[in-house]
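The chain contents come next:
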Amino acid sequence: MKALLRPALARATVVLLLASPAAAQGLAGGAQLVRAYDAIFDARFNELPAVLARTCPPAPAEACQLLDAVGVWWQIQLDPASLARDTQFQSKVDAAIAATVAWTKREPERAEAWFYLGGAYGARAQWRVLRGEQVGAARDGKRIKDALERALALDPDLQEAYFGIGLYHYYADVAPPAAKLLRFLLLLPGGDRTEGMKEMLRAREHGALLRDEADYQLQIIELWYERHPQRALDLLTQLRDRHPRNPLFPQLIAHVQDAYLHDLASTLRTWRSLAEAARARRVAYADIADVRARLGMASVLERMNDTDAAIEQLRAVVAAKPLAPFGAYAQAQRDLTRLVTRSRASR
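In short, a report on the structure. Note that the coordinates shown come from a computational prediction; the quantities given were computed from them, not determined experimentally.

Quick look at the overall build of the protein
Within the protein one finds 17 helices and zero strands. Per-residue burial for the protein yields a buried fraction of 57% across its 347 residues. Within the protein, contacts between residues separated by at least 24 positions form 64% of all contacts whose residues are at least 6 apart in sequence. Accessible surface, the protein: about 14,900 Å² in total, of which carbon and sulfur atoms supply 51%.

As structure tokens, then:
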């Protein structure tokens, strides 16, 4: 489960740099962009190329370039320790940035162009956070802020842009001392926690599609900074219910139930439910989801003193010899050896 979480310093320093690529009713091709964004959150990545082909036009081509990169980013999040998709993501996101930069030069008075430019830098910043590239992500963060402020200056009703600005203001205020020093060295402006939250909630309430992205980012805030794990759990539950094919959300739910609420019974039910969905192929990346669920169940069962059941789950993982998620096979082998040794010693 640790592989699903960003490094602590990186997330505190640069999650502020994220900007949503979501499309709104005020953007060209809004209805089509909604369907494309839903495909990403549903983890229907194999369908995304066809969806994007129907999206641009009428949406601008640059919007689909960005969503294409965002789709790869969400695939990376399903196995974040693996570097297998990094080159593909870098190529796509750099191309999206170049295309939107060119767009802002062609049409400097078009708010939509600046909005997508902020979104493109935001997608790259998220990946840089994951890979521990704090300085590069911080520099992208300044570009995000400048682009979104320009978009709002041109169109104050572009609601989605307020979310990226709100994230910046919030995290720039709550960042730890080390992160604030980095911000100072890069000459980034300070933040305002209260105002940032207001801006994020405004975008969540009035944006046409931003709710999923907002809920995902807000659950991080509620968990790590507002210290409201139940609120984070509620947001994740809503995401899971709206996008039941995406295995990431039940994994995060189990983490909150376990690490923050210390509810082993509920955690075990969540992992078992994910395992059942994976075996029935009701979730994307079912094989990866099944491995994560078995490892999760083994961890909980061990702490519930059901060692035999934990060993059974670990043996299933070892027997499968999974290549993904990254490191799972080695983890299962280590845990299995430890539990078997302990079990024999106790007899």
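Focus: the packing of aromatic side chains
Evaluated as defined, the whole model comprises 11 aromatic pairs. Arranged with centres 6.0 Å apart and planes meeting at 40°, the rings of Phe89 and Trp127 form a pair that is tilted. Residue Phe89 is located in helix α5 (residues 86-106), and its partner Trp127 is located in helix α6 (residues 111-130); the two are separated by 38 residues in the primary sequence. Phe89 gets classed as buried once you look at its relative accessible area, which sits at 0%. A centroid spacing of 5.4 Å and a plane angle of 65° characterise the contact between Phe115 and Tyr116, whose relative ring orientation is edge-to-face. Here the two residues Phe115 and Tyr116 agree in accessibility, since each one is buried.

A few points about the packing of helix α4 (residues 61-78) against α6
What describes two packed helices is the angle between their axes and the distance between those same axes. One can describe the packing of α4 onto α6 by two numbers: an axis separation of 10 Å at closest approach and a directional angle of 20°. Our classification of the angle between α4 and α6 gives roughly parallel. The hand of the α4/α6 crossing is left-handed. For the pair α4 and α6, the contacting residues are Ala63, Leu66, Val70, Trp73 and Ile76 in the first and Tyr116, Gly119, Ala120, Ala123, Gln126, Trp127 and Leu130 in the second. Residues belonging to the contact of α4 with α6 are distributed by class as follows: 10 nonpolar, two polar and no charged.

So, helix α16 (residues 307-320)
Helix length check: α16 (14 residues) gives 20 Å between terminal C-alpha atoms against 20 Å at 1.5 Å per residue, within 8%. Taken together, the buried positions of α16 are occupied by Ala309, Ala310, Ile311, Gln313, Leu314, Val317 and Val318. In the core, the buried residues of α16 are packed alongside α15 (286-303) and α17 (328-345). In the segment just after α16, Lys321 is the residue with positive phi, at about 50°.

Some remarks on α5
Because each turn of an α-helix spans 3.6 residues, side chains separated by three or four positions end up pointing in the same direction. End to end, α5 covers 30 Å across 21 residues, agreeing with the expected 30 Å (1.5 Å per residue, within 8%). Among the residues of α5, Asp86, Phe89, Val93, Ala96, Ile97, Ala99, Thr100, Trp103 and Thr104 are the ones counted as buried.

Notes on the layout of surface pockets
If you add up the space inside the second largest pocket, you get close to 190 Å³. Every residue lining the second largest pocket is listed: Arg240, Pro244, Pro250, Arg269, Thr270, Ser273, Leu274, Ala277, Arg282 and Val283. Looking at which element gives the most residues to the lining of the second largest pocket, the answer is helix α14 (residues 264-279), with five residues. Its residues assigned to classes, the lining of the second largest pocket shows five nonpolar, two polar and three charged.

What about the state of the cysteines?
In the structure shown here, the tally under the stated rule is one disulfide. Note on cysteine connectivity: Cys56 is disulfide-linked to Cys64, with sulfurs 2.0 Å apart. Of note, the bridge from Cys56 to Cys64 carries an S-S torsion of about 90° and is right-handed in sense. You'll find Cys56 and Cys64 in the same group, each marked buried.

Re unusual backbone geometry
In this model, Pro57 is joined to Pro58 through a cis peptide bond whose omega is 15°. Considering the arrangement of structural elements, one finds Pro58 in the loop between α3 (48-53) and α4. One non-glycine residue with positive phi stands out, namely His262, at about 55°. Along the polypeptide, His262 turns up in the loop between α13 (248-260) and α14. In this structure, Arg281 takes a positive phi of about 60° despite not being glycine.

Description of the environment of Met304
Looking at the secondary structure, you find Met304 in the loop between α15 and α16. Residue classification places Met304 among the partly exposed residues on the basis of a relative accessible area of 38%.

A short note on the nonpolar core
Residues Trp74 and Phe89 are the most contacted members of the largest nonpolar core, which totals 78 residues. With 12 residues, the single largest contributor to this core is α6. With near-sequence residues (within four places) excluded, Trp74 lies in contact with Ile40, Phe41, Phe45, Glu213, Tyr216, Asn246, Leu248 and Phe249. Ala275, Val317, Ala332 and Leu336 belong to the second-largest nonpolar core, a separate cluster that totals 28 residues.

Cut-off values and rules
Residues numbered from 1 in each chain as written. Predicted model: local features only at pLDDT ≥ 70, side-chain atom pairs only at ≥ 80, totals over all residues. Heavy atoms only, no water. Helix = DSSP H or I, 4+ residues; strand = E, 2+ residues; numbered from the N terminus. Buried < 20%, exposed > 50% of the residue type's maximum accessible area, 1.4 Å probe, protein only. Contact = heavy atoms within 4.5 Å. Areas by Shrake-Rupley, 256 points an atom, 1.4 Å probe, with all protein chains shown as cover. Phe/Tyr/Trp six-rings, centres within 6.5 Å; stacked < 30°, edge-to-face > 60°. Axes fitted to C-alpha atoms, helices over the stretch in contact; angles between N-to-C directions. Parallel < 35°, antiparallel > 145°, perpendicular 65-115°, else oblique. Left-handed = near helix turned anticlockwise from the far one by under 90°. Nonpolar A, V, L, I, M, F, W, Y, C, P; charged D, E, K, R; others polar. Expected span 1.5 Å × (residues − 1). 1 Å grid on protein atoms, 1.4 Å probe; cavity = no way out; pocket = protein on both sides within 12 Å on 5 of 7 lines; lining within 4 Å. Points joined across faces, edges and corners; volume = space filled by probe spheres on them. Disulfide = S-S within 2.5 Å. Core = buried A, V, L, I, M, F, W, Y, C linked by side-chain atoms within 4.5 Å.

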